[in-house]
Amino acid sequence: MSVHYDLHSHSLASDGSLSPAELVAAAHAGGVDVLALTDHDTTDGLAEAAHSACQLGLQLVPGVEISVSWQAQTIHVLGLGVDPACDELQTGLSGLREFRNWRAEEIGRRLARAGFPGCYEGARRLARGNIVGRTHFARHLVAEGHAPSARHVFKRFLVNNKPGYVTGDWASLEDALSWIDRAGGLAVVAHPARYRMTASKLRRLLYEFRECGGAGMEVISGSHTRDNINTMAALCRNQDMLASCGSDYHGPENPWIKLGQLPPLPAGCPPVWENERWPATVSTA
Ligand code: AMP
Ligand code: MN
Ligand code: MN
Ligand code: MN
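Just so we're clear, the structure is a prediction, and the values are computed from it rather than from any experiment. (Residues numbered from 1 in each chain as written. Chains lettered and ligands numbered in written order. Predicted model: local features only at pLDDT ≥ 70, side-chain atom pairs only at ≥ 80, totals over all residues. Heavy atoms only, no water.)

Colleague: Account for the site of ligand 1, with residues named and values stated.
Modeller: Ligand 1 sits among Asp 15, His 40, Arg 100, Arg 103, Gly 133, Arg 134, Thr 135, Arg 151, Phe 154 and His 250. Within the contact set of ligand 1, an oxygen atom lies 3.2 Å away from a side-chain nitrogen or oxygen of Asp 15. Separating an oxygen atom of ligand 1 from a side-chain N or O atom of Thr 135 is a distance of 3.3 Å. Contact with the protein chains removes 76% of the 510 Å² of surface that ligand 1 exposes when unbound. Contributing elements (two or more residues each) for the shell around ligand 1: helix H3 (87-113), helix H5 (134-143) and helix H6 (150-158). When the residues that make up the shell around ligand 1 are grouped by side-chain class, the tally is 1 nonpolar, 4 polar and 5 charged. Residues from two domains meet in the shell around ligand 1; each of domain 1 (5-93 + 171-274) and domain 2 (101-158) gives at least three. (Near = heavy atom within 4 Å. Polar contact = N/O pair within 3.5 Å; in protein donor to acceptor, adjacent residues only side chain to side chain. Areas by Shrake-Rupley, 256 points an atom, 1.4 Å probe, with all protein chains shown as cover. Helix = DSSP H or I, 4+ residues; strand = E, 2+ residues; numbered from the N terminus. Nonpolar A, V, L, I, M, F, W, Y, C, P; charged D, E, K, R; others polar. Domains from an automatic or database assignment.)

Colleague: Tell me about H6, residues and numbers included.
Modeller: Every buried residue of H6 is accounted for by Val 153, Phe 157 and Leu 158. Considered in projection along H6, the buried side chains sweep an arc of 65° and stay on one side of the axis. Residues of H6 that are exposed and point more than 90 degrees away from the buried face comprise Arg 151 and Lys 155. As for H6, its buried residues are in contact with H3 and H5. (Buried < 20%, exposed > 50% of the residue type's maximum accessible area, 1.4 Å probe, protein only. Arc of directions from axis to C-beta. Contact = heavy atoms within 4.5 Å.)

Colleague: Could you give an account of the coordination of the manganese ion (ligand 2), with specific residues and numbers?
Modeller: Bound to the manganese ion (ligand 2) are the protein donor atoms Asp 15 (OD), Asp 15 (OD), His 40 (NE2) and His 250 (NE2), situated 2.2 to 2.7 Å from the metal. Note that the manganese ion (ligand 2) binds 6 donor atoms; their angles at the metal cover 51 to 159°, and the shape is irregular. Between the manganese ion (ligand 2) and the manganese ion (ligand 3), a spacing of 5.6 Å is present. Of this pair, His 40 sits in the loop between strand S2 (34-37) and helix H2 (46-56) while His 250 is found in the segment after strand S7 (242-246), placing the two residues 210 residues apart along the sequence. Of the residues examined, His 250 reaches a relative accessible area of 14% and is grouped as buried. (Donors = N, O, S within 2.8 Å, 3.2 Å for Na, K, Ca; no water. Tetrahedral: all angles 85-135°; square planar, octahedral: opposite > 155°, others 65-115°.)

Shown next, in the form of structure tokens:
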């Protein structure tokens, strides 16, 4: 019987809508055997997820999704199998969360100037003491009736050149990869087809990523179309990358992304989990 891997997911610790325990239970119910919890810039959900995974007999890969600024763009790098006790990793992540805190207030100020006061407070309430991301602003504006869906809010308010957009000032690629390395993890470029880069820029990113010690890329992602998968599979083979797969699940409010429904990796793409560097820290403990 084949093992079902899902190496990218979110909980309430960042912008997912399920608690870590609920997420693990939903993954288990969906048929996932190995799940990575990869919250944005935090490992806060990992202890609860590991506890619940242990009870259900699911393997939990401790992970994180790090926000990176590269050539004036934000890209996301997954650290898989990271040790959350690693000081370098935690110091790095806390710097990113500091920027997030400032950015959340700044988004609030900008939205207020655009005629939507109270968004910072609303987003903070939804984040329940955890990091405040753009998703929380989107959920707040939808709940207030200003837009029909989070997708609409992003398009109208939260992306480049829109009133609530604040330019990212995230980690450098070198720093993010060194934190992941120090924490014993494997680094993977998240959802590479999402960056709207030219093919040559994406190849440059993957090349630099490999040069800095990065290991792989998501070929299968919940946000990749069939065409994206084929293009990414070709890049993965040509650039000598390991291949990963993850749903990028954020919760049941996005019904088009389901846990346990990922297609298999295309032929010729070497799975990250079959590599000798696949972390030994993967555990059910
Ligand atoms: P942040 O890291 O706070 O800037 O927010 C990035 C997150 O926003 C992503 O991980 C997604 O969860 C969400 N997101 C980004 N773009 C969109 C979009 N167009 N529609 C809905 N959610 C989005
Ligand atoms: Mn997210
Ligand atoms: Mn992402
Ligand atoms: Mn994600």
